[in-house]
Structure formats: structure tokens, C-alpha cells
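# A look at the structure
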Amino acid sequence: HMYELTEDFKLRKITKYELDGVDEREDLLVIPPSSKAGPCGNGCLFCYLLQNPPEMIYRVARHDTLNDPTLEERIRYARKHYDLWIRVTDTSGNVKFDENRIKSLYEAGLDEIQISVHTTKKDVRIKLMRNRHAGKLIDLLPLVAKHFRTIADIILTPGFNVDDIGEIIEDLDSMGVHEVRLFPVGVTKYNRFEIRPLTKEELSYVKEVALEKDKELGIKVVIPPIFLALLGEFTTGLEPFNIEPEFPTYIFTGELAYPEMKRLFPRIKVVMVKNEFFGGNIGTAGLLTGRDVLREVERLPEVDFGLILLPELMFYGDMTLDGWRRQDLFSKILIEKGYIVETALEPTEIPKVIEKIS
């Protein structure tokens, strides 16, 4: 199993769906930012937290895992108590990071670090992250890669790091970075910096270059599911489920997973929920809101008994991003339309839920 170390030093089981859907090693322990972590100091042009609708209830602070006085303590604790591979995530390496910090993380027992790198050109990184110190990380990367297995995240942003992606990957490889993950930028209708999504042509170009570099160089190049979904190429690799419930059943999903869910459940009605809350090119199931779901529920016939399946990823604890409590949302749908509501984290859970309800 993969785990996260919580602030009170507990292990919490997590799935790859909480880690961008990328296939990960089985003995992974992730250390995310704690509530003690200070601000990241960046104002990235692509930051999703800077493009939220005004009605957004669920607020996440912009913080950096390295900007946390208790980080080493958590790493030491994990090292001592668990035989797991320890990774620090959610850092841009722009605050509280220098040679001494690298040494202290190494001595605490860190195995791996995942850094938002985005480009290997200092001036571009400074502009993209709106942080005048953002160039320093580039000089540190070879030292980081010497001490830890290093994953570089790149949020592909037209005009900044798309055309020269091949060069960026080559640079990272020459610095000893072990892995690079390529994420297409998400743009809501609230983006203030005139950032645009990648075109299909740009996505295809990056994918082609990425596959070529992955073969040619020592660095591992990862194309996450969201990238493939934007190209219309996402597949779970599963065989379709031949399940046909005896009562009205609807599977709700986001735009990106819709074609694959239709393929997997040919005998069940799959509803594509358009994300109007954020607008723009936001199509992942994890960013669906209560109001988007209710808009689609309105269109369904009233029934004596039916089932609606929602993606578990749209709930953050017990809340949707627009502030609906799980139970309130489910009750409203049941009372007004007659559907029981259940959630599923991944497609393989859906047949089990239907069976349970039957």
C-alpha cells in the first residue's frame, strides 16, 4: 500500500488517484505540507489557487512543504518507524532551500523529493513563478539529484515551456534528475494572466518529444493520465463490465473520463458533467462541484428507486469545492428525485456498489 504521513504522525492509506493518477511504487510514503508550512512565496501564472471562482468555499493555502520547521522531524520519525520509501511533495524549492537544507534532509533520511521545476531556464522560471528567487533552484538541482531520487514536475504552459520541452528534458537529464512528469496547464475562466490551454497539436508534439527522450536518455519521462485524456487517448486498460442494473442507474463523471467510462459501462447511462463552476478547460472528475452535479440531476426523470454514482474525488473530506456537505447533497437528490447516491474512487468499485444496492 501507499501511505501519507499525517501531521499527528499517523499513516493514512492513499491511492494513486490522490497522486495525479500516476503509477507509483508500492512502498511509498508521502510527506505533504503540514498546516505549519509557511507560504510558497510564488504567484505562479498557472496556479489553480489564483484562478478560483469567488464562490469557492474550500480554500487551500499556498504553502510549501520545505517551509515547515517540523519537516525533518517527520522524516526522521518515518525513517525510524516504517520500512517505506519516503518522498517529500509539494515544493518548488524556492523557500528554505539551499546546500545546508539538502544536507539536513539527507541526514533525516529522505529518499526522494518531487519538485515543481517547470523549466531549466532561470529567467523563464522567474517569470512563470513570479518569484525573483526562482532561478536559484536550477543551480541546486545537480546537488539535489545527488542526494535524493528527484522527480521534476513540469506544468506545460504555452509561451514558457512547450516549444523547448525537449531541451528542458535534456537539461534535467544532464543534471542527474531521475524522472520528469508533464502536466498540461489547467485554465479556468478566472485566469488573470492570459494563460491559455495547450492545443491538440501542442499536446501531440510534447507527447512525441517525451516518448523520444524517454527512450534516448537516462531520465524517466512520465505522461500522466490527464495528459492522455486531453488527447482523447486515456484508457484504464480494463475490459468493459457487462453489468446491467435492474433499477435506473446513472454514472456521473467529468469530461475527460467520459469516453472511457462509456466504454467500460456500455449498459449503464453515463452522464458527462460539464464543469461550469470553473469554466475553461477543467474536465477532471476531482474538480466537479455540487452545483454542477445538481444541474445534471435536474434533467433526470423522477423515480421510485434509482442510483447515482458520483466520483469520490469530488469530495474533500466531506465537502465539495463549492461548499456542499456530502450528506446534504445526497439527501437533496434522494428527496427531490428518488435516487440513492453512492461514490466510487475507481471504475472497478462500481459493480460492487451496484451489487450491494441490489
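Notes on the structure in this doc start here. (Residues numbered from 1 in each chain as written. Predicted model: local features only at pLDDT ≥ 70, side-chain atom pairs only at ≥ 80, totals over all residues. Heavy atoms only, no water.)

It is worth spelling out the packing of helix α2 (residues 99–108) against helix α4 (residues 136–147) at this point. Their axes nearest at 10 Å, the elements α2 and α4 cross at an angle of 10°. Judged by the angle between their axes, α2 and α4 are roughly parallel. Across from E99, I102 and Y106 in α2, the residues of α4 making contact are L140, L143, V144 and H147. (Axes fitted to C-alpha atoms, helices over the stretch in contact; angles between N-to-C directions. Helix = DSSP H or I, 4+ residues; strand = E, 2+ residues; numbered from the N terminus. Parallel < 35°, antiparallel > 145°, perpendicular 65-115°, else oblique. Contact = heavy atoms within 4.5 Å.)

Taken as a whole, the second largest pocket holds about 150 Å³ of empty space. Lining the second largest pocket, in full, are H1, M2, K13, I14, T15, K16, V22, D23, E24 and E26. Counted by class, the lining of the second largest pocket contains three nonpolar, two polar and five charged residues. (1 Å grid on protein atoms, 1.4 Å probe; cavity = no way out; pocket = protein on both sides within 12 Å on 5 of 7 lines; lining within 4 Å. Points joined across faces, edges and corners; volume = space filled by probe spheres on them. Nonpolar A, V, L, I, M, F, W, Y, C, P; charged D, E, K, R; others polar.)

One finds F97, L156, I165, L172, V180 and L182 to be the most contacted residues of the largest nonpolar core, which totals 59 residues. Among the elements that line this core, the one with the most residues is α4, at five residues. Counting residues in hydrophobic clusters, the runner-up holds 19 residues, among them Y250, L288, L294 and L310. (Core = buried A, V, L, I, M, F, W, Y, C linked by side-chain atoms within 4.5 Å. Buried < 20%, exposed > 50% of the residue type's maximum accessible area, 1.4 Å probe, protein only.)

With respect to topology, eight strands assemble into an open sheet ordered β2-β1-β3-β4-β5-β6-β7-β8, the strand pairing being mixed. One side of each edge strand has no neighbouring strand; the edge strands of this open sheet are β2 (11–14) and β8 (220–222). The mean angle between the axes of side-by-side strands here comes to 25°, regardless of whether they run parallel or antiparallel. Of the strand pairs in this sheet, strand β4 (residues 85–91) and strand β5 (residues 112–116) are connected by three bridges, and their pairing is parallel. Note on β5: the bridge partner recorded for T91 is I115. Along the sheet, α4 contacts β5 and β6 (149–156); its crossing angle with β5, the most-contacted strand, is approximately 160°. (Pairing = 2+ DSSP bridges.)

It is worth spelling out the side chain of D322 at this point. As for its placement among the helices and strands, D322 is situated in the loop between β11 (306–311) and α10 (326–337). The buried category is assigned to D322, whose relative accessible area is 8%. Engagement of the side chain of D322 in a polar contact is seen with the backbone nitrogen of R291, the distance being 3.0 Å. One polar contact links D322 to T320, side chain to side chain, over a distance of 2.5 Å. (Polar contact = N/O pair within 3.5 Å; in protein donor to acceptor, adjacent residues only side chain to side chain.)

Bringing the pattern of salt bridges into the picture now. This structure, assessed with the given rule, holds 35 salt bridges. Note that E179 is salt-bridged to R149, the shortest N-O span being 2.8 Å. With a gap of 30 residues between them, E179 in strand β7 (residues 179–184) and R149 in strand β6 connect regions that are remote in the sequence. Judged by relative accessible area, E179 falls into the buried class, the value being 2%. R149 sits in the partly exposed class, given a relative accessible area of 23%. Where R291 meets D322, a salt bridge forms, and the shortest distance between an N and an O atom there is 3.4 Å. With a gap of 31 residues between them, R291 in helix α9 (residues 290–298) and D322 in the loop between β11 and α10 connect regions that are remote in the sequence. (Salt bridge = Lys/Arg side-chain N within 4 Å of Asp/Glu carboxyl O.)

Note that all results are geometric; they support no functional claim without further evidence.
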